[in-house]
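Each chain is listed here by its residues.
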Amino acid sequence: QVQLVESGGGLVQPGGSLRLSCAASGSIFTLYVSGWYRQAPGKQRELVATIAPGGTTNYADSVKGRFTISRDNAKNTLYLQMNSLKVEDTAVYYCNVWRDVLRNYWGQGTQVTVSS
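Residues numbered from 1 in each chain as written. Predicted model: local features only at pLDDT ≥ 70, side-chain atom pairs only at ≥ 80, totals over all residues. Heavy atoms only, no water.

K.L.:
So what exactly am I meant to see when it comes to the pairing of strand β3 (residues 18-24) here?
P.N.:
Regular strands place side chains that alternate from one sheet face to the opposite one. Along β3, five of the seven residues are buried, which leaves the element largely enclosed by surrounding structure. In terms of strand pairing, strand β1 (residues 4-7) meets β3 through four bridges, oriented antiparallel. Among the inter-strand pairings, Ser7 is bridged to a residue of β3, identified as Ser21. Summarising the sheet, β3 and strand β8 (residues 77-82) pair through six bridges and their orientation is antiparallel. Bridge pairing in β8 places Leu20 opposite Leu80. (Buried < 20%, exposed > 50% of the residue type's maximum accessible area, 1.4 Å probe, protein only. Helix = DSSP H or I, 4+ residues; strand = E, 2+ residues; numbered from the N terminus. Pairing = 2+ DSSP bridges.)

The following block contains the structure:
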C-alpha cells in the first residue's frame, strides 16, 4: 500500500505562486506514472499534470506555461510549482500515482484558493 501526503496549499492572490508537495511512503516515482489532479466545487476531477517514470511530462492546456511538475527521487517527493495563479485555479489538488488498475493511489488532497 502506497501512502501519499500532500502539503503546500493555501490562500494566494491572483498572480501569486504556490508549490505543492506530495511525499510518498517509498521509492515509487521511477516505477509509477505520477500526477496532480484537481477538483473544483461542482466540477469533476481533472488532470493538471503528469510525469512518467522516464521523466516525460504532460500538462493540461489550462496550466501550460504556468505550472511545472517535478520530482525528487531521493526524497520520494513530487512537486507542483504553480505560478501566475488565477481565480479559476481554485480547487482541491490531489496527488496520484498509477501503475496499473490495482496499483492506483491518491492522496487526501490540499486546498488551493486563489482570491483577492
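K.L.:
What is the right way to read the pattern of salt bridges from this model?
P.N.:
Should their charged atoms come close, side chains of opposite charge can pair. A full pass over the atoms with the stated rule returns five salt bridges. With its nearest N and O atoms 3.0 Å apart, the salt bridge here joins Arg38 to Asp89. Of this pair, Arg38 sits in strand β4 (residues 33-39) while Asp89 sits in the loop between β8 and β9 (91-100); the two residues are 51 residues apart in sequence, bridging distant segments of the chain. In this pair, the class of Arg38 matches that of Asp89, namely buried. (Salt bridge = Lys/Arg side-chain N within 4 Å of Asp/Glu carboxyl O.)

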